[in-house]
Amino acid sequence: MDKYPEFIKQVDNEYWLVETEAGNYKLHYKIKDILFCWQSNFQHIMILDSYTFGKMLVLDGIVQTTAADGFIYNEMITHVPMNIHPNPRKVLIIGGGDCGAAREVAKYPGVKRIDMVEIDEMVVKACLEHLPEISGNLCDPRVNFIFKDGMKYIQDLNRQNDDGIEKDLYDVVIVDSSDPVGPATSLFEADFYRLLYNVLEDDGLMACQSESPVFYAKTMKNTYDRLSAIFPITRLYTTTVPTYPGGIWSFTIASKKYAHVNPSKFDKETICVNKEILESCFAIPEFVKKILDTQTQC
Ligand code: SAM
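**Some remarks on the packing of helix α5 (residues 150–163) against helix α6 (residues 190–198)**
Link 1 in the chain: It is at 9 Å that the axes of α5 and α6 come closest, and there the two elements cross at 45 degrees. By the criterion of interaxial angle, the relationship of α5 to α6 is oblique. Handedness of the crossing formed by α5 with α6: left-handed. Between α5 and α6, the contacting residues are Gly150, Met151, Ile154, Gln155 and Asn158 on the first element and Asp191, Phe192, Leu195, Leu196 and Asn198 on the second.
Link 2 in the chain: The residue inventory of the contact of α5 with α6, partitioned by class, reads 5 nonpolar, 4 polar and 1 charged.

**Focus on the pattern of salt bridges**
Link 1 in the chain: Applying the stated criterion across every chain yields a total of 15 salt bridges.
Link 2 in the chain: Where Lys30 meets Glu14, a salt bridge forms, and the shortest distance between an N and an O atom there is 3.1 Å. Here Glu14 lies in strand β2 (residues 14–21) and Lys30 lies in strand β3 (residues 25–39), a separation of 16 residues in the sequence.
Link 3 in the chain: Classification of Glu14 by relative accessible area gives partly exposed; the value is 29%.
Link 4 in the chain: Here the salt bridges do not stand alone but share partners, grouping Lys90, Arg113, Asp115 and Asp168 into one network.

**As for helix α7 (residues 217–228)**
Link 1 in the chain: In this model α7 runs 16 Å from its N-terminal to its C-terminal C-alpha over 12 residues, within 8% of the 16 Å that 1.5 Å per residue would give.
Link 2 in the chain: Of all the 12 residues making up α7, 9 are buried; the element is thus mostly covered by neighbouring parts of the structure.
Link 3 in the chain: All of the buried residues along α7 are Thr219, Met220, Lys221, Asn222, Thr223, Tyr224, Asp225, Arg226 and Leu227.
Link 4 in the chain: For α7, the elements touching its buried residues are α6, β11 (200–209), β12 (233–240), β13 (248–255) and α9 (286–293).

**Regarding the sheet that holds β3**
Link 1 in the chain: Taking strand neighbours across the sheet as the criterion, the 6 strands line up as β1-β2-β3-β4-β5-β6 in an open arrangement whose pairing is antiparallel. Every other strand in the sheet has two partners, leaving β1 (8–11) and β6 (62–66) as the edge strands with one partner each. Pairs of neighbouring strands in the sheet enclose a mean axial angle of 50 degrees, with direction left out of account.
Link 2 in the chain: With 7 bridges joining them, β3 and strand β4 (residues 44–50) adopt antiparallel strand pairing.

**Regarding the pairing of strand β5 (residues 54–59)**
Link 1 in the chain: In the sheet, β4 pairs with β5 via 6 bridges, with the strands oriented antiparallel. Residue Leu48 lies in a different strand from β5, and its bridge partner there is Met56.
Link 2 in the chain: Linking β4 to β5, which pair antiparallel, is a turn of 3 residues.
Link 3 in the chain: Two elements, β5 and β6, share 4 bridges in a ladder whose sense is antiparallel. Within β6, the residue paired with Met56 across the bridge is Thr66.
Link 4 in the chain: Where β5 hands over to β6, the hairpin turn is made up of 2 residues, of which Asp60 adopts a positive phi near 50 degrees.

**Structural notes on the sheet that holds strand β10 (residues 170–176)**
Link 1 in the chain: The strand order across the open sheet built from 7 strands is β9-β8-β7-β10-β11-β13-β12, with neighbouring strands paired in mixed fashion. Where the open sheet ends on each side, the last strands, each with one partner, are β9 (143–147) and β12. For this sheet, the mean inter-axis angle between neighbouring strands, taken without regard to orientation, is 15 degrees.
Link 2 in the chain: Running over the sheet, α7 touches β11, β12 and β13 and is turned about 155 degrees from β12.

**Section: the domain arrangement of the chain**
Link 1 in the chain: Along its sequence, the chain is carved into domain 1 (8–63) and domain 2 (70–293).
Link 2 in the chain: Inter-centroid distance (C-alpha atoms) of domain 1 to domain 2 is 25 Å.
Link 3 in the chain: At the interface, 21 residues of domain 1 touch 20 residues of domain 2.
Link 4 in the chain: For the pair domain 1 and domain 2, the summed buried surface comes to about 1,700 Å²; carbon and sulfur atoms form 70% of the total.
Link 5 in the chain: Viewed at the interface, domain 2 and domain 1 are joined by 1 salt bridge.

**Describing the nonpolar core**
The nonpolar side chains of a soluble globular protein tend to be buried with one another.
Link 1 in the chain: Of all hydrophobic cores here, the largest spans 39 residues; its most connected members are Met76, Val80, Ile93 and Tyr237.
Link 2 in the chain: Elements with a contribution of two residues or more to this core: α1 (70–84), β7 (90–95), α2 (100–105), β8 (113–118), β10, β11 and β13.
Link 3 in the chain: Counting residues per element, this core draws most heavily on α1, which supplies 7 residues.
Link 4 in the chain: Every residue in contact with Tyr237, bar those within four places of it in the chain, is listed here: Met76, Ile77, Val80, Pro81, Ala207, Trp249, Ser250, Phe251, Ile253, Cys281, Phe282 and Ile284.
Link 5 in the chain: By size, the runner-up hydrophobic cluster in this structure holds 25 residues, among which are Val117, Leu187, Leu200 and Cys208.

Conventions we followed
Residues numbered from 1 in each chain as written. Predicted model: local features only at pLDDT ≥ 70, side-chain atom pairs only at ≥ 80, totals over all residues. Heavy atoms only, no water. Axes fitted to C-alpha atoms, helices over the stretch in contact; angles between N-to-C directions. Helix = DSSP H or I, 4+ residues; strand = E, 2+ residues; numbered from the N terminus. Parallel < 35°, antiparallel > 145°, perpendicular 65-115°, else oblique. Left-handed = near helix turned anticlockwise from the far one by under 90°. Contact = heavy atoms within 4.5 Å. Nonpolar A, V, L, I, M, F, W, Y, C, P; charged D, E, K, R; others polar. Salt bridge = Lys/Arg side-chain N within 4 Å of Asp/Glu carboxyl O. Buried < 20%, exposed > 50% of the residue type's maximum accessible area, 1.4 Å probe, protein only. Expected span 1.5 Å × (residues − 1). Pairing = 2+ DSSP bridges. Domains from an automatic or database assignment. Buried area = accessible area lost by both parts, 1.4 Å probe. Core = buried A, V, L, I, M, F, W, Y, C linked by side-chain atoms within 4.5 Å.

Take a look at the structure:
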């Protein structure tokens, strides 16, 4: 690699992606090749071929998803909410630029419309071309790509619904965002969740990735508390993603009506999620419970 970006370090004749987490924790991935590299208007985008995890999407130097373990996160953020809702027909995905979440939602024949609101079209283009292990070369006619800031989309939809007679509402919303830095910051704010509540059907529900209970416990707690202040039902579940700092990762469900999974109903072809995982993922470790139970300001 004669010219390589700031996140790639050369050590002797080896190349390493160096991911810096929370300022003082570094993860190193040995890289075979840079398949795609671009500075978009929103973030630095790379698709790398790594020795251990295969191809990986890296945004602003942070690993988002990999061919080796991306299925874990993408299945967990989609099949849990899609199983809780008895009959999801209209689904909104905010973020999800690798198309992995949309690919999983498309496994539900009852879903008639999948709106995917992704701020950066370049991420989608790069993943469809260079990361088919995750994107699955998504071309389902129900998927509508809307290249827009998720916060702006929700704000506009609220205004449109307030002005219009016919409300455009969703059964399930999945917030598959990057970390709360840069373009995704607004997707972790209480205002965003309040506006999102308004675009859900009376029995709608949402799921979001709510960060690491180990490295970003404050963000996880804030997300849980902000959603709990708006929705009648809020539940946290976890999984383990090897390429995420600390492994354990949290997701939060916020629901207007339904609270429980229906494992007997689950019949999708998956690599991670199954009937047992749907139930057991809500069994959270004691230290995570303690974080959620402590009183803090949202
Ligand atoms: N699926 C990934 C994983 O496995 O962790 C998660 C991240 S996905 C790549 C995150 C996406 O959120 C990126 O494509 C990024 O461009 C998008 N994004 C960030 N901020 C956004 C915003 N405000 N509105 C819409 N999309 C946003």
